[in-house]
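Single-letter residue listing:
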Amino acid sequence: MSAPTSVTVRVPAKVNVQLAVGAARPDGFHDLANVFLAVSLYDEVTATRAAALTITCEGPDADKVPLDRTNLAARAAELLAARHGIEPAVHLHIAKDIPVAGGMAGGSADGAGALLACDALWGLDTPRAELLEICAELGSDVPFSLVGGAALGVGRGERLTGLPVGGPFHWVFAVADGGLSTPAVYGEFDRLTEGVDVPEPTASPALLEALATGDTTALADALVNDLQPAALSLRPSLAATLEAGTGAGALAALVSGSGPTTAFLVKDADAARTVADALIASGTCRAARPATSPAPGATVLTA
Ligand code: C5P
């Protein structure tokens, strides 16, 4: 088969159904028990042969996406090319639908998507284990963007074990105005827990059971995000968004990852529409996006 001139990869967003955070480590990172669940909001990354590494982005928040080498998609192309001793001669186009700096791993999705797209474009066939190593080098959430489904992440969140998951689970995601910086939220977590004996993070058996059996009510009871107090401290207005969603019948509400996107678990697709409408009417968010989970990881669409 001749080498493709262009490859498109679709990558899901994530919500953390449990984010248990330990004390800061000497390297500044925090040990986690991080239960990731992929949801059906996607970015698409298209890699096309080019003279040099360039990035473009389209979508409602495209102006907030860095188009330089700080973009994880660019770093993914560079790391993969370096590993194989080739030039990262590629144009990366990101069709962005995942909220930017929203706590849904949008930047990580683009890193994983670019990695898989470049691997196919350049015909490298890099073993999965090596792709996962590169993902972990790119960022704590990037390996999960590659694998999707549901997984427990330990260490700084990058060491993954796949989890059995039922479903579908129905969600609404309320997109906030502006982003929150992940390091700032972890910094606020450290400030809020100063002098507190932070326990070792462990995954909740009740939560894993709810996930495996597809029991929405049990999952609603078990959702927990240790970063939520820190995100609310930096962005107090999120409390009103959480209240608007639960007031409209959501079974549970929580901040997604480091925020400021908020996640609402609902009974079914009808409830998702009701809660999304109520969130918009409340004026406490910029957009309300229904989605389902689990969703598959990074997938090549065209090659
Ligand atoms: O791994 P990643 O680059 O996505 O992490 C971004 C920032 O989030 C880190 O620099 C660190 O401040 C914080 N972080 C952390 N503990 C983790 C993951 C991330 O403190 N387990």
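Everything quoted here is computed from the prediction, not taken from an experiment.

1. As for the overall build of the protein
- Within the protein, the regular secondary structure consists of 10 helices and 12 strands.
- What you see for the protein is a C-alpha radius of gyration of 19 Å, in line with the 19 Å of a compact globule of 303 residues.
- By residue count, 53% of the 303 residues in the protein fall in the buried class.
- Once local pairs closer than 6 in sequence are excluded, the contacts in the protein between residues at least 24 apart make up 76%.

2. Examining helix α2 (residues 106–121)
- The end-to-end C-alpha separation of α2 is 22 Å, in line with the 22 Å expected for 16 residues at 1.5 Å each.
- Counting buried positions over the 16 residues of α2 gives 16, a clear majority of the element.

3. Looking at the site of the ligand
- Residues in close proximity to the ligand include G28, F29, H30, L32, G139, S140, D141, R156, G157, T182, P183 and Y186, which together make up its full environment.
- Ranked by residue count, the leading element in the shell around the ligand is helix α5 (residues 182–192), at three residues.
- Taken together, the residues of the shell around the ligand break down into four nonpolar, six polar and two charged.
- Counting residues domain by domain, the shell around the ligand receives three or more from each of domain 1 (6–163) and domain 2 (169–293).

4. As for the sheet that holds strand β11 (residues 287–293)
- In space, the four strands of this open sheet follow the order β9-β10-β7-β11, with antiparallel pairing throughout. The open sheet has two free edges, formed respectively by β9 (252–255) and β11, since each of these has just one partner strand. Taking the axes of each pair of neighbouring strands and ignoring which way they run, one obtains an average angle of 25° across the sheet.
- Pairing analysis gives four bridges linking β9 to strand β10 (residues 262–266), with the strands arranged antiparallel. Of the residues in β10, the one forming a bridge with L254 is A263.
- Its contacts with the sheet put helix α9 (residues 238–247) on β7 (169–175), β9 and β10, and the angle it makes with β10 is roughly 10°.
- Relative to the sheet, helix α10 (residues 269–282) contacts β7, β10 and β11, its axis offset from that of β7 by approximately 10°.

5. Some details on the UniProt feature "binding site: ATP" (unreviewed entry) in the protein
- UniProt annotation of "binding site: ATP" (unreviewed entry) refers to P99, V100, A101, G102, G103, M104, A105, G106, G107, S108 and A109 when read in the numbering used here.
- The residue V100 is located in the loop between β4 (90–95) and α2 in this model.
- Those residues in contact with V100 that lie beyond four places of it in its chain are D61, K64, V65, G106 and G179.
- On the secondary structure map, M104 appears in the loop between β4 and α2.
- Accessibility expressed as a C-beta count within 10 Å gives 29 for M104, which makes it buried.
- Sequence-distant contacts of M104, defined by excluding residues within four places in its chain, comprise A13, K14, V15, L41, I98, P99, S256, G257 and T261.

Reading the values: the criteria
Residues numbered from 1 in each chain as written. Predicted model: local features only at pLDDT ≥ 70, side-chain atom pairs only at ≥ 80, totals over all residues. Helix = DSSP H or I, 4+ residues; strand = E, 2+ residues; numbered from the N terminus. Rg over C-alpha atoms; globule rule 2.2 N^0.38 Å. Buried ≥ 20, exposed ≤ 12 C-beta atoms within 10 Å, placed from the backbone. Contact = placed C-beta atoms within 7 Å. Expected span 1.5 Å × (residues − 1). Near = placed C-beta within 6 Å. Nonpolar A, V, L, I, M, F, W, Y, C, P; charged D, E, K, R; others polar. Domains from an automatic or database assignment. Pairing = 2+ DSSP bridges. Axes fitted to C-alpha atoms, helices over the stretch in contact; angles between N-to-C directions. UniProt positions renumbered as here; feature names shortened; annotations may be inferred.

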